[in-house]
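Each chain, letter by letter, is given below.
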Amino acid sequence: MRSTEYQPILTDSYSNVTEFNPEANSLYIFGDGVEERTSHVTRLKKEKASITFLQITSQSLSEFVVAGESEPYYLRSQASFTKFWEKAKLFSKIYIDMTGLTHPVWAALLRTAIALPIEVLFVYVEPNNYIRSTAPVDGQIYELSARISGISPLPGFAVLSAKSHANPLFPCLLGFEGTRLKHIIEKNDPNYEDIIPIIGVPGFKPWYLFETFLGNRTTLAENSIWQSLLYVPAHCPFSCFYTLGNLNSEFPDRAMRIALVGTKPHALGAVLFHLADFCATELVYDHPIRKHGRTDGTERLHVYHVSAIMQLTKKQNYDVITAI
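Definitions and cut-offs
In this convention, every chain numbers its residues from 1, walking through the sequence in written order. Residue-level local features of this predicted model are given only where pLDDT is at least 70; pairs of side-chain atoms are given and counted only at 80 or more, and the full residue set underlies all totals for whole chains, interfaces and linings. Computation of side-chain values: all heavy atoms of the structure, hydrogens and water removed. Secondary structure elements are taken from DSSP: a helix is a run of H or I of four residues or more, a strand is a run of E of two residues or more, and numbering for both begins at the N terminus. For every residue, the accessible area (1.4 Å probe, protein chains only) is compared with the maximum for its type, and the residue is labelled buried under 20%, exposed over 50%, or partly exposed between those bounds. In this description, contact between two residues means that some pair of their heavy atoms is separated by no more than 4.5 Å. Computed with the Shrake-Rupley method and a 1.4 Å probe, the accessible areas treat only the protein chains shown as cover for residues. In this scheme, strands are said to pair when DSSP sees at least two bridges between them. When the strands point away from the viewer and the connection leading from the first strand across the helix to the second strand turns clockwise, the crossover is called right-handed.

## Quick look at the overall build of the chain
Logical step 1: Scanning the chain from N- to C-terminus turns up nine helices and 18 strands.
Logical step 2: Across the 324 residues that make up the chain, the buried fraction comes to 54%.
Logical step 3: Considering only residue pairs separated by 6 or more positions, the chain has 81% of its internal contacts joining residues 24 or more positions apart.
Logical step 4: For the chain, the exposed surface amounts to about 14000 Å²; the carbon and sulfur share of it is 51%.

Have a look at this one:
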């Protein structure tokens, strides 16, 4: 496995959300979040009159609704997104704040936004704390998800054909919820030797590494899956992108089925890797229904230059990028 030490990390990180100031004449898209870490948008709206804010008020597995509009936008409809992005022509940059957006919605926004002739940046705010379970069980030490809606690919993204892509690699981006990982593995039934767990190291907090191991210990112990572990900084989508690219270089004839049960930045890296089209990939997600009050407080804010990484992949092949 090649190192990602000298590859471009296109991230601006702020130790406090108050340090973040989007550029003037930008479009800022955000979700109607229920967590405290989404409240930074309230401050921005008060202080940044030169920025246009667009709030997504309703999100489902197939559509979303924008504040002040009655008609939904459909995640699988190119016509819907053509209409949605008409307003973007007036702006110099687009910020998509994924903190309060669901995976299906922010991934669909990314898939369609990168085709625009405008710079696109993603924003993510780390929570200060995750709320611990009052009755922890194996694989569930935090109160994060109430239930899952069902395992399926992200809407609008390609699905691997079982006939033409037998036995794909199965990278699994891990979080605290071992029950989700176990369920995804059971439903997809990969070969154990094809499972490659990826853990966030360093985590948002130094001790999250140990709690990730604790939450996933049962599955990691089965058939010694832990021996294939890879480590990627929890906040960094680009390191995740490069790690998946390294796997593709190691196994050039293999497709990938990537399980998104880890951090949002890792999921962003996986979606970027899929869109870069280095190999056949499928993004597998269990669509959890998040519990209200699952986090409290805010920590670092990150701005990810997603347009920049996609431009690099268009101009150069992956091997050139990893040589930087």
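From this point, the narrative continues.
## Focus on the pairing of strand E12 (residues 170-174)
Logical step 1: Across the five residues of E12, five count as buried, placing the element largely inside the fold.
Logical step 2: Of the two faces of E12, the one carrying Phe170, Cys172 and Leu174 and the one carrying Pro171 and Leu173 are both buried.
Logical step 3: In this structure, E12 lies alongside strand E13 (residues 195-200), joined through four bridges in parallel fashion. Across the sheet, Cys172 pairs through a bridge with Pro197, a residue of E13.
Logical step 4: Handedness of the crossover joining E12 and E13 through helix H4 (residues 178-188) is recorded here as right-handed.
Logical step 5: Looking at chain direction, E12 and strand E15 (residues 256-261) are connected through three bridges and run parallel. Residue pairing for E15: Leu174 is matched across the bridge by Val261.

## Remarks on the environment of Ala259
Logical step 1: The residue Ala259 is located in strand E15 in this model.
Logical step 2: Given a relative accessible area of 0%, Ala259 falls into the buried group.
Logical step 3: Taking the C-alpha atoms as reference, Ala259 lies 9.9 Å from Arg180; in sequence the two are 79 residues apart.
Logical step 4: The contact partners of Ala259, leaving out residues within four places of it in the chain, are Phe170, Pro171, Cys172, Leu173, Ile184 and Val284.

Everything listed here is a matter of geometry and, on its own, says nothing about what the molecule does.
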